[in-house]
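Below are the chains, spelled out letter by letter.
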Amino acid sequence: MEKRRIQALVKECSAGLFELACQVSAYRDWDLNLPVGVIDARHDKANLIVTSVGTINSVLRSSSTIGNPLMKRFFERFSRVGLEQARQEFSHGDQAEAFAELWETYLEERRSGGQPMWSVEDSTAFVMQSRCSHRDREVACVAVLCGDPHAIVTFSVPIRFLTSAAEDDGSAGSSV
């Protein structure tokens, strides 16, 4: 399901991704200024945001709590049994106090921005992924999918695909 959703988002944002592919093509070597794409699909119409890999956390906030092993276990349980049951389970037992502190910090992080959040580890992994993507002549992207909490998916799209797809549907006038 996720793969089809990403494919649909790439198609929906094809004109902007064509421009992004052209920008990425101009970079002979990878560096922190390399442009990457963030597709915010939390609303009816997806919005492509182009930023540099070095400033990705100005679009997606890094959370100090999401990567915590206790919170990872909580989110996994939450996805299976729902928010209320997972909170109930994690509010009792050996780690109830630690969970309560983490939960409050997480809620404060969510209230303080409105920007999508991901873990520091996810952010770091994406920067490293962008390096591999560039080497493979691909555009590194992140999709923010609707949900509570939202889901964040990283992926890469070959530059050749983005530029040929735009040419095929007539939305671009020249090739890269």
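Note that the structure is predicted; figures quoted are calculated from it, not measured.

(A) View of the environment of Ile 56. Topologically, Ile 56 is positioned in the loop between strand 2 (47–52) and strand 3 (61–63). Overall, Ile 56 belongs to the buried group, its relative accessible area being 2%. Put simply, Ile 56 and Phe 18 are 38 residues apart on the chain and 20 Å apart in space, counted from C-alpha to C-alpha. Among residues more than four places away in sequence, those in contact with Ile 56 are Val 36, Val 38, Thr 51, Trp 118, Ser 123 and Phe 126.

(B) Highlighting the pattern of salt bridges. Scanning all chains against the criterion turns up six salt bridges. Note that Asp 40 and Arg 42 form a salt bridge whose closest N and O atoms lie 2.7 Å from each other. Assessed through its relative accessible area of 11%, Asp 40 is described here as buried. We classify Arg 42 as partly exposed; its relative accessible area is 26%. Salt-bridge contacts for Arg 111 lead to Glu 108; the nearest nitrogen and oxygen are separated by 3.6 Å. You can see Arg 111 and its partner Glu 108 sitting in helix 5 (residues 96–111), three residues apart, about one turn around the helix. Of the residues examined, Arg 111 reaches a relative accessible area of 55% and is grouped as exposed.

(C) Spotlight on the sheet that holds strand 5 (residues 138–145). Read from one edge to the other, the open sheet built from four strands follows the order 2-1-5-6, with strand pairing classed as mixed. With one partner strand each, in any of the chains shown, strand 2 and strand 6 (151–158) form the two edges of the open sheet. Taken pair by pair, the neighbouring strands of this sheet meet at an average axis angle of 25°, ignoring direction. Relative to strand 6, strand 5 is paired through eight bridges, and the arrangement is antiparallel. Residue Ala 140 lies in a different strand from strand 6, and its bridge partner there is Ser 156. With respect to the sheet, helix 6 (residues 120–135) is in contact with strand 1 (35–41), strand 5 and strand 6, its orientation differing from that of strand 5 by roughly 145°.

(D) Quick look at the packing of aromatic side chains. Scanning all chains against the criterion turns up ten aromatic pairs. Arranged with centres 5.1 Å apart and planes meeting at 65°, the rings of Phe 74 and Trp 103 form a pair that is edge-to-face. Pair noted here: Phe 74 is in helix 3 (residues 69–81) and Trp 103 is in helix 5, with a separation of 29 residues, a long-range link. Neither Phe 74 nor Trp 103 differs from the other in exposure class; each is buried. For the pair Phe 90 and Phe 99, a centre-to-centre distance of 5.4 Å together with 50° between the ring planes defines the contact as tilted. Classification of Phe 99 as buried rests on a relative accessible area of 2%.

Parameters and conventions
Residues numbered from 1 in each chain as written. Predicted model: local features only at pLDDT ≥ 70, side-chain atom pairs only at ≥ 80, totals over all residues. Heavy atoms only, no water. Helix = DSSP H or I, 4+ residues; strand = E, 2+ residues; numbered from the N terminus. Buried < 20%, exposed > 50% of the residue type's maximum accessible area, 1.4 Å probe, protein only. Contact = heavy atoms within 4.5 Å. Salt bridge = Lys/Arg side-chain N within 4 Å of Asp/Glu carboxyl O. Pairing = 2+ DSSP bridges. Axes fitted to C-alpha atoms, helices over the stretch in contact; angles between N-to-C directions. Phe/Tyr/Trp six-rings, centres within 6.5 Å; stacked < 30°, edge-to-face > 60°.

By themselves, these figures tell us nothing about what the structure is for.
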